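Take a look at the letters that make up each chain.
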Amino acid sequence: MEKFVIDGGVPLSGTVTPAGNKNAALPILAASVLTADEVVIRNVPRIRDVAAMIELLELLGVTVDWRGEHEVALCAAGVTADALVDEVVAERIRASFLLAGPLLARFGRAAMPPPGGDVIGRRRLDPHLDAFRSLGARDEIVDGQIVLTAPSGGLRAGDVFMDEPSVMATENALMAAALTPGETIIGNAASEPHVQDLARMLVHMGARIIGIGSNVMRISGVAELGGCTHDVGPDHIEIGSFMAMAGMTGGELRIKDTDPGDLRMIMLVFKRLGLHTELDGLDLLVPGGQDLAVDRDHGGHTAKVQDGPWPQFPADLTSIAVALATQSRGQVLIHEWMFESRLFFTDKLASMGANILIADPHRALVTGRTQLTGQRVESPDIRAGMAVLLAALCAEGRTEIGNIRQIDRGYERIDTRLRALGARIERVPRDGPPPAA
């Protein structure tokens, strides 16, 4: 068990390169089970969630060969129909359920233990099961596991319509349909950048997919998929986190090699919170020393930030937006539309001096700018942990953040990378003495 010790109040400036998209890497790694051929994935973030997925794959029988710091080769030739998903490891990540689609499509059966992950509200498995049923699968609960079985002859191409645009359910449906001959249509599909990235990989493996980036995708599946080499795209959630960090600390930052198309809504919403950014080719620039002020709606009405399915503002950046709003003059209503428990972390920011009124489980009114002061706090989940870390970086005095394994699940070597930008942050044993001030 470790903690971060941060001495805040220092503008963070410099150049940073975003890691590969966590939420793309996880389904892309799972997709290696779809073929007996070797799959090479590059720009893989070295984070806890990826380590857990790699461990799950190895326990299934996938051979894993790290050929570089961020490049891994996987071969699922040794996976068999009776391979079991490890229950203990599956409890560590929600993405463990992404193995259901590949196992079901390739072997006709998948026994899935309950997935773990962040406690940010109810996260339904029904869209996954509905999608598999649309392809002909049956499901039942056996000894606490969800057992999925394909009909005789394998899954059948069909018409899948999501009752909500679930990212992971769309990804599971995509992977299953790619290895199911015939045309499958996925309606009301999620279209986030990581869903698009997975779809592009499946095309490299031999599937034909029309409508990538839209909410209707047509997949022409095949009986066998082949290997490929695929590069994971940059993580727009990490980029948004660094953007907010620069604005909150007053630093000047260049974020290199982004995908500008993924950042349009993030830039727009952060501008509403007073943070101005600009693009220089594929690089995103955050000018230093900005005086952040909320841009009120027309007529002087209170501004509102609301997340939603892509291309709306990403739910994974809602916690970051709350932290940024504490350092922007004015009021803003943050509406977390998707998860009813995500905003409960705001008590951590309030203990540091933030002025936040929780209206209900989905809405918080943030009034800024407030001077934050260091406290001892815990990281409840990946994104809330990062929001608390950003608050600590701009706070007066020293902050200690416990349970940092949550932050490590989604952000690679974040303390090392922040120190390169000028942050005073140390990773120390949970019960050990803090570093000298």
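This text follows the structure it describes.
The shown structure was predicted, so the numbers you read here are calculated from the model rather than taken from an experiment.

### Let's talk about the sheet that holds strand 9 (residues 159-161)
Read from one edge to the other, the open sheet built from four strands follows the order 9-10-12-11, with strand pairing classed as mixed. In this open sheet, the two edge strands, each paired with only one partner strand, are strand 9 and strand 11 (208-210). Averaged over all pairs of adjacent strands, the angle between strand axes in this sheet comes to 15 degrees, irrespective of strand direction. With three bridges joining them, strand 9 and strand 10 (residues 182-187) adopt parallel strand pairing. Bridge pairing links Asp159 to Ile185 in strand 10.

### What about the pattern of salt bridges?
One pass over the full model with this rule turns up 31 salt bridges. When the shortest N-O distance is used, the salt bridge between Glu183 and Arg218 registers 3.3 Å. Residue Glu183 is found in strand 10, and its partner Arg218 is found in strand 12 (residues 216-221); the two are separated by 35 residues along the sequence.

### Description of the sheet that holds strand 21 (residues 376-378)
With mixed pairing, the four strands of this open sheet are ordered in space as 21-22-1-23. Looking along the sheet, the strands with just one partner apiece sit at the ends: strand 21 and strand 23 (424-429). Strand-to-strand, the axes of this sheet are offset by a mean angle of 25 degrees, without reference to chain direction. Pairing analysis gives three bridges linking strand 21 to strand 22 (residues 398-402), with the strands arranged parallel. Residue Arg376 lies in a different strand from strand 22, and its bridge partner there is Glu400. Its contacts with the sheet place helix 12 (residues 382-394) against strand 1 (2-7), strand 21, strand 22 and strand 23, and it is angled at close to 165 degrees to strand 22.

What counts and how
- Residues numbered from 1 in each chain as written.
- Predicted model: local features only at pLDDT ≥ 70, side-chain atom pairs only at ≥ 80, totals over all residues.
- Heavy atoms only, no water.
- Pairing = 2+ DSSP bridges.
- Helix = DSSP H or I, 4+ residues; strand = E, 2+ residues; numbered from the N terminus.
- Axes fitted to C-alpha atoms, helices over the stretch in contact; angles between N-to-C directions.
- Salt bridge = Lys/Arg side-chain N within 4 Å of Asp/Glu carboxyl O.
- Contact = heavy atoms within 4.5 Å.

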